[in-house]
Amino acid sequence: MKGRAQSFYLAEALLLLLSIADSALTHRSLEAGVATEANPLLAAAWSVSPLTFHGVKALLVLSSASILHRLREVPAARVTLATATLLYGAVVSWHLVHV
């Protein structure tokens with residue numbers, strides 16, 4: 001159980017770091033005018049201000065991570081966390097290659 005818990009915590013930390021990287025890279029792309037935000041909620045937040053964008057994004061990711069953390073013993077939560085982490089990794093990789 002200890003190894004599984006450590007893996008979960010590592011995946012949570014990686015998810016949060018990738019989210020921060022995505023937020024910063026998206027900010028750079030939006031300000032440069034080379035991309036548009038695909039998420040309608042975050043696009044609306046960006047139209048208010050970059051600070052609102054980062055705040056809403058952080059709130060969404062942290063609340064989702066908190067829910068997954070509370071459900072960490074549920075297999076679906078572990079799969080969801082792994083999937084979200086992989087997807088964020090892909091998004092950050094795309095940013096680094098295309099922008």
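All residue numbers here refer to positions counted from 1 along the written sequence of the relevant chain. For a predicted model such as this one, the threshold for reporting local features is a pLDDT of at least 70, and the threshold for listing and counting side-chain atom pairs is 80 or more; totals across whole chains, interfaces and linings nevertheless cover every residue. The side-chain values count all of the structure's non-hydrogen atoms but skip hydrogen atoms and water molecules.

Draft legend 1. Structural context of the overall build of the protein chain. Here a helix means four or more residues in a row that DSSP labels H or I, a strand means two or more in a row labelled E, and each is numbered from the N terminus. Looking only at helices and strands, one finds four helices and zero strands in the protein chain. Mapped from its N terminus to its C terminus, the protein chain presents α and β elements in the order α-α-α-α. Buried residues are those whose accessible area, probed at 1.4 Å on protein chains only, stays under 20% of the maximum for their type, while exposed residues exceed 50% and partly exposed ones sit between those limits. When each of the 99 residues of the protein chain is scored for burial, the buried share is 27%. Of all intrachain contacts in the protein chain linking residues separated by at least 6 positions in sequence, the fraction that spans at least 24 positions is 68%. With residues, only the protein chains shown are counted as cover, and all accessible areas are computed by Shrake-Rupley using a 1.4 Å probe. Accessible surface, the protein chain as shown: approximately 6300 Å² in total, 71% of it carbon and sulfur. Any two residues having at least one pair of non-hydrogen atoms within 4.5 Å are treated as being in contact.

Draft legend 2. Up close: the packing of aromatic side chains. Pairs were defined over the aromatic rings of Phe, Tyr and Trp, the Trp ring being its six-membered one, requiring ring centres within 6.5 Å. Orientation was assigned from the angle between planes: stacked under 30 degrees, edge-to-face over 60, tilted for the rest. Enumeration over the complete set of coordinates arrives at one aromatic pair. With a centroid separation of 5.5 Å and an interplanar angle of 90 degrees, the aromatic rings of W46 and F53 are classed as edge-to-face.

Draft legend 3. Examining the packing of helix α3 (residues 50-70) against helix α4 (residues 75-98) more closely. Structural elements are reduced to axes, namely lines fitted to C-alpha atoms, with helices fitted over the stretch in contact, and the angle between N-to-C directions of any two is expressed from 0 to 180 degrees. Two elements in contact, α3 and α4, have axes whose closest approach is 10 Å; the angle formed by their N-to-C orientations is 150 degrees. Of the possible angle classes, the one that applies to α3 and α4 is roughly antiparallel. Residue-level contacts link K57, V61 and L68 of α3 to A77, T80, L81 and Y88 of α4. Class assignment for the residues of the contact of α3 with α4 results in five nonpolar, one polar and one charged. Angle categories: roughly parallel below 35 degrees, roughly antiparallel above 145, roughly perpendicular from 65 to 115, and oblique for all the rest. In this classification, Asp, Glu, Lys and Arg are treated as charged, Ala, Val, Leu, Ile, Met, Phe, Trp, Tyr, Cys and Pro as nonpolar, and every other residue, Gly included, as polar.

Draft legend 4. Highlighting the packing of helix α1 (residues 2-32) against α3. For the pair α1 and α3, interaxial distance at closest approach is 11 Å and the crossing angle is 165 degrees. Here α3 runs roughly antiparallel to α1, going by the angle between their axes. In this structure, α1 crosses over α3, and the sense of that crossing is right-handed. Residues F8, Y9, E12, L15, L16, S19, D22, S23, A24, T26, H27 and E31 of α1 lie in contact with α3, whose contacting residues are P50, F53, H54, K57, V61, L62, A65, L68 and H69. Residue composition of the contact of α1 with α3, grouped by class: 11 nonpolar, six polar and four charged. Crossing handedness: left-handed means the near helix sits turned counterclockwise from the far one by under a right angle, and right-handed means the same turn made clockwise.

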